[in-house]
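# Working through the structure, step by step
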Amino acid sequence: MSSGHSLIHERCTMLERKVPSLVDMCIQLAIDNIRHLGDVGDTGLHLLERILPHCKVDQLKHIEDSTERDLRAVTDKLWKKFYEREFGANSTNLVCERMKDKKVSFEWKLLYEAKLKNLEEAQQKSFDRIKELYKKEDARKQSRQVRITTKVPPSSIKRSFYGGGPGSNISNTKSSIMKKSKLQFLNSHEVTNLAAIKKNGFQKRNGISSMRKQGVLSGKDSASTSKPIGRRF
């Protein structure tokens, strides 16, 4: 009988261990829905010590900001873990040593946020420097391309016989210069005198030829009048 009673007692103990209590069920329910937690109200710290370690950074921050109670007794060590996980054990130990040397103590939440802000600012400055370097490099490449494309080699300037391209401008310019020079030559004093001389000579020649024609015609008339009249019958 004693052995039978002992066996029953062991089985009852095992069942009690397997069946969770109502408190355990509530804690597990809170952990499963931790992303929805906000104000924890008057929840005991011993319960929060089992629930809050399952929070992520943004979840823990949301719970602290939503709760009017001071939760640093539970959350400060959690923020220290976040700090060590994010920035490394060496950085965490260095902060501890500095606070010990200066005999000060800061909240690990504030240390975490300050460190993260410094890293973000340093990273942004680094990005700005890289962006500025790329900008200067692009400007340098563009200036080189402009210099290369605007410089026209002498061999590329050819006369165009079809009125297109830079050769047409040169031919048009030469044509206008030739026309202007020709007009100046025709309007010169020497050309004017030469034209007058040619005109007078032409008029004289026309006068002589006309006189010769008149003389011929008069000779014919006189011959016709001097012809003897035939005998009348």
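Residues numbered from 1 in each chain as written. Predicted model: local features only at pLDDT ≥ 70, side-chain atom pairs only at ≥ 80, totals over all residues. Heavy atoms only, no water.

## Examining the nonpolar core
Basically, it comes down to this: Grouping buried Ala, Val, Leu, Ile, Met, Phe, Trp, Tyr and Cys residues that are joined through side-chain atoms within 4.5 Å yields what is termed a nonpolar core. We call a residue buried when its accessible area falls under 20% of the maximum for its residue type, exposed when it is over 50%, and partly exposed in between, using a 1.4 Å probe and counting protein chains only. Here a helix means four or more residues in a row that DSSP labels H or I, a strand means two or more in a row labelled E, and each is numbered from the N terminus.
Membership of the largest hydrophobic core comes to 23 residues, with the highest contact counts inside it found for Leu52, Leu60, Tyr83 and Trp108. Broken down by element, the residue count for this core peaks at six residues, all from helix 5 (residues 72–87).

## A short note on the confidence of the model for the protein chain
The condition that has to hold: A score between 0 and 100, pLDDT records how confident the predictor is in each residue. We call two residues contacting when some pair of their heavy atoms lies within 4.5 Å.
On average, residues of the protein chain score 75 in pLDDT, and 55% of them are at 70 or above. Scored below 50 in pLDDT, residues 157–168 shows eight contacts in the model against residues more than four places distant or in partner chains. This model gives residues 216–233 a pLDDT under 50, and the stretch forms zero contacts once residues within four places in sequence are excluded.

## Looking at the packing of helix 4 (residues 57–66) against helix 5
Inclusion rule: Axis definition: a line fit to C-alpha positions, over the contact stretch in the case of helices; interaxial angles, taken between N-to-C directions, run 0 to 180 degrees. Angle categories: roughly parallel below 35 degrees, roughly antiparallel above 145, roughly perpendicular from 65 to 115, and oblique for all the rest. Each crossing gets its handedness from the near helix: less than a right angle anticlockwise from the far helix is left-handed, clockwise is right-handed. Polar here means any residue outside two lists: the nonpolar Ala, Val, Leu, Ile, Met, Phe, Trp, Tyr, Cys and Pro, and the charged Asp, Glu, Lys and Arg; Gly therefore counts as polar.
Where helix 4 contacts helix 5, the two axes come as close as 11 Å, and the packing angle between them is 155 degrees. Regarding the angle of helix 4 to helix 5, the classification is roughly antiparallel. The two elements helix 4 and helix 5 cross, and the hand of that crossing is left-handed. Where helix 4 abuts helix 5, its residues Val57, Leu60, Lys61 and Glu64 lie against Thr75, Leu78, Trp79 and Phe82. Among the residues making up the contact of helix 4 with helix 5, the classes are represented as five nonpolar, one polar and two charged.

## Here we look at the pattern of salt bridges
Rule in force here: A pairing counts as a salt bridge when a side-chain nitrogen of Lys or Arg comes within 4 Å of a carboxyl oxygen of Asp or Glu.
Scanning all chains against the criterion turns up seven salt bridges. A salt bridge links arginine 50 to aspartate 24, with the nearest nitrogen and oxygen atoms 3.1 Å apart. Of this pair, arginine 50 sits in helix 3 (residues 45–51) while aspartate 24 is found in helix 2 (residues 22–32), placing the two residues 26 residues apart along the sequence. Residue classification places aspartate 24 among the partly exposed residues on the basis of a relative accessible area of 31%. For glutamate 107, the salt bridge is made with arginine 72, and the minimal N-O distance between the two is 2.7 Å. With glutamate 107 in the loop between helix 6 (89–102) and helix 7 (108–150) and arginine 72 in helix 5, this pair connects stretches of sequence that are 35 residues apart.

## Topic: the layout of surface pockets
We count it as follows: Two kinds of site are reported from a 1 Å grid over the protein atoms alone, namely cavities, where a 1.4 Å probe fits but cannot get out, and pockets, open sets with protein on both sides within 12 Å along at least five of seven lines, and residues are called lining when an atom falls within 4 Å of a point. Grid points are joined across faces, edges and corners, and a volume is the space filled by probe spheres set on the points.
Looking at the largest pocket, its volume works out to about 260 Å³. Tyr83, Val95, Arg98, Leu111 and Lys115 are the residues nearest the centre of the largest pocket, which is lined by 13 residues in total. Elements represented by at least two residues in the lining of the largest pocket include exactly helix 6 and helix 7. Looking at the lining of the largest pocket, the element that brings in the most residues is helix 6, giving six residues.

## Structural notes on helix 5
To keep things clear, this is the line we draw: To estimate the expected span of a helix, count its residues, drop one, and scale the result by 1.5 Å. For this quantity, the arc is that covered by the directions from the helix axis to the C-beta atoms.
With 16 residues, helix 5 extends 21 Å from end C-alpha to end C-alpha; this agrees with the ideal 22 Å at 1.5 Å per step. Of the residues making up helix 5, those classed as buried are Val74, Thr75, Leu78, Trp79, Phe82, Tyr83 and Phe87. Burial along helix 5 is one-sided: seen end-on, the buried residues are contained in an arc of 165 degrees. Facing away from the buried surface of helix 5 by more than 90 degrees, the exposed residues are Ala73 and Lys81. Count one or two residues on from helix 5 and you reach glycine 88, which has phi positive near 100 degrees.

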